[in-house]
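# Topology and contacts: notes
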Amino acid sequence: MIAKISSGKDTAGLIRYLFDTKKAKDHIDPHLVASWDGFAPDPGRTDDFTATKKLLAADLDLRVKQARRLGRAPERHVWHCSIRAATTDRHLSDEEWADIAHRVVAATGIAPQDDPDGCRWVAVRHAPDHIHIAATKVRGDLSTARHWNDYLTADRELAAIEKEYGIFQVARGDRTAAKRPTRAEQEKAHRQGQEKPARERLRTIVRTAVAATTSTDEFIGLLSHTEGVLVEVVYFPSGEVRGYKVASEDTTTAGRQPIWFSGSELAPDLSFPKIRARLEATDPQPADGPGRRRPNPWHRATAAAERIPHHLSGYDDRASQAHLAALGEALDALPLLAPAPLRAQLREAASAFERATRSRVQAEHHHARALRSAARAMLREPAPGDGTALAMLLDAAILVTVAATRWHQLRHHDQQVTAAQQALLHLQAAYDEAAGAPLTALVQHRPPQQAVNRYMRHIRRALPEHAEQVLSDPAVDALTAALAEAEALGHDPERLLKQAVDQRALNDARSPARTLTWRTQRLIARPAPSDRAAQDRSTVQAERSPRPDPSAHEASAVAPPRPPQARRR
């Protein structure tokens, strides 16, 4: 159940709206289900409809008028709370809605239980799935009701009601969610033919700008040059930037000013101070130079993402929160880089995961420099056209999302859990489409059966805990093809498999063979060790093992030292 609470000045106007059956199409059989004393006049159950509405409004306003004569009436004396059940819930009876109304007004302080001076109120049911509670805030002693934090207290009571009544339990938040568009904003977007209200569209644009920039100056500059977006920068008297406001050009009508939104009105983490803190924890992009070879940013981002589940299993919640925020930024950037058929799914994934990037845990963003820096470098170096880099990054993001769901569940972050689960569905759909072509191309280079049998033996030795799961995976042909390619480039298949599985466990992988395939593809992008380097590494390992034979020590002592350039670095 969801409660929505507001205040107003017109008791009679609210009563007219609640009992109206002409303008509001969903107002069916409006009638009272409960009231402050059980004897309030019910316009829905009388022949003189208009007169009874006036009588009901007068009864509710009685104490307000008395307090007004003493100068003690609050200006906004009307308290309005709507309570709506989930669409999947059974239809509750009038008696059940009456019980819910009594519990809510008691919990919020409008009419505490067994308090004869509680405020006057009525609960009106004009549709099967919800009720409205209309109350006046003046108590019997003519003091104003104490209903601070009424939304939170009502929400806690509704959570208990959901359990007792066996109805759908709403995922409740921690007050870090972005503000939802108002009904007026939604209706305006519909009139203008827009899929989403301006608030949501601007939120996506600002988040994408944060993901693409490395400094506040660059962030403001990018926003200012974004088509269809108006930007206003707010300064301190000293000349330093205090904040920013954005507006959509389509919200500006003839003779009217644009509708501005500050960053914090779009989302709690989009205020200028919080954006600055994130950007200050981003490493500047290295400049290109002669003879300088930078690592593939897509591989860097994948490697950084693969380490996130390990961080989430630790005890540093602030670091974990920072890694989730960095992954959110990477997902915000992907729609700019992905092929057109994948962009819609990736936008939905980024939009859903956005809720999972915030909680009451304060993020220490410097912990996630690697992923944040790699994501920005990706924007400057698009992925190769074969789709392999995108597929391996999405594979890593899927497992991070599974780990994020578990992390939020352990901390009872209900809304974040739901958001991560929704993002997972979109990421899996995007991955399935992105991975098809590169996997098919890889399987076409499947080695002969004799080599396949040898790679299977390598898999059993390198991955004893996951061997049967990997070998029964339909994607094992792609893995053997990747191992054949690695061996042709000078890599040891068994050593490569051990290295791949050491990076992250395979327990959460839908297809462990595909996950190992992408890791193998990423690892073989590095230069293979030379024969001399591999021999030196074997010698070092042998020297570190115990040698009971004294002659072996003598042989080692007289052996010439290795030249420094032969050592692997």
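This text gives an overview of the structure that appears in the document. (Residues numbered from 1 in each chain as written. Predicted model: local features only at pLDDT ≥ 70, side-chain atom pairs only at ≥ 80, totals over all residues. Heavy atoms only, no water.)

Quick look at the overall build of the protein chain now. If you tally the helices and strands in the protein chain, you get 23 helices and eight strands. Looking at the 569 residues of the protein chain, the share that counts as buried comes to 48%. For the protein chain, long-range pairs separated by at least 24 residues make up 72% of all intrachain contacts whose partners lie at least 6 apart in sequence. Summed over all atoms, the accessible surface of the protein chain reaches about 29,300 Å², with 51% contributed by carbon and sulfur. (Helix = DSSP H or I, 4+ residues; strand = E, 2+ residues; numbered from the N terminus. Buried < 20%, exposed > 50% of the residue type's maximum accessible area, 1.4 Å probe, protein only. Contact = heavy atoms within 4.5 Å. Areas by Shrake-Rupley, 256 points an atom, 1.4 Å probe, with all protein chains shown as cover.)

A separate point is the pairing of strand E6 (residues 229-235). Successive side chains on a regular strand alternate, one facing one side of the sheet and the next facing the other. The pairing of E6 with strand E7 (residues 241-248) spans seven bridges and is antiparallel. Counterpart to Val 234 in the pairing with E7 is Gly 243. Remark: five residues form the turn of the hairpin made by E6 and E7, two consecutive strands paired antiparallel; Gly 239 in that turn has positive phi of roughly 100 degrees. (Pairing = 2+ DSSP bridges.)

Let's shift gears to the pattern of salt bridges. Opposite charge on two side chains allows them to pair when their charged atoms are near. The tally for this structure, following the rule as stated, stands at 35 salt bridges. A salt bridge links Asp 94 to Arg 125; its shortest N-O distance comes to 2.8 Å. Of this pair, Asp 94 sits in helix H3 (residues 94-108) while Arg 125 sits in strand E4 (residues 121-127), and the two are 31 residues apart along the sequence. Ionic contacts of the salt-bridge type, sharing partners, join the residues Arg 207, Asp 269, Arg 278, Glu 329, Asp 332, Glu 354, Arg 358, Arg 372 and Arg 376 into one network. (Salt bridge = Lys/Arg side-chain N within 4 Å of Asp/Glu carboxyl O.)

Glancing now at the sheet that holds E7. Here we have three strands laid out as an open sheet, ordered E6-E7-E8, and antiparallel in their pairing. The open sheet terminates on both sides in strands that have one partner only, identified here as E6 and strand E8 (261-262). Strand contacts of helix H6 (residues 198-212): E6, E7 and E8, with the helix running at about 130 degrees to E7, the strand carrying the most contacts. (Axes fitted to C-alpha atoms, helices over the stretch in contact; angles between N-to-C directions.)

Before going further, it helps to spend a moment on the sheet that holds strand E1 (residues 2-8). Whether parallel or antiparallel, the strands of a sheet pair through hydrogen bonds between backbone atoms. If you trace the five strands from one edge of the open sheet to the other, you get E1-E3-E5-E4-E2, paired in antiparallel fashion. On the outer flanks of this sheet lie E1 and strand E2 (31-35), each paired with one strand and no other. Sheet twist, expressed as the mean angle between neighbouring strand axes with direction ignored, is 20 degrees. Pairing of E1 with strand E3 (residues 78-84), which is carried by seven bridges, proceeds in the antiparallel orientation. Within E3, the position partnered with Ala 3 by the bridge is Ile 83.

For helix H10 (residues 297-306), the tally of buried residues reaches nine of ten residues, placing the bulk of the element in the interior. Residues Pro 297, Trp 298, His 299, Ala 301, Thr 302, Ala 303, Ala 304, Ala 305 and Glu 306 constitute the buried set of H10. By the N-cap criterion, in which a side-chain oxygen at the helix start approaches the backbone nitrogen of a residue two or three places on, H10 is capped by Asn 296, the distance to Trp 298 being 2.8 Å. (Polar contact = N/O pair within 3.5 Å; in protein donor to acceptor, adjacent residues only side chain to side chain.)

Bringing unusual backbone geometry into the picture now. Positive phi, normally seen in glycine, also occurs at Asp 29, with a value near 50 degrees. In this structure, Asp 29 sits in the loop between helix H1 (11-18) and E2. We note that Leu 142 has phi near 65 degrees; this positive angle belongs to a residue other than glycine. Here Leu 142 is to be found in the loop between strand E5 (130-136) and helix H4 (150-165). Given the relative accessible area of 14%, Leu 142 is considered buried.

Just distances and angles here, no functional claims.
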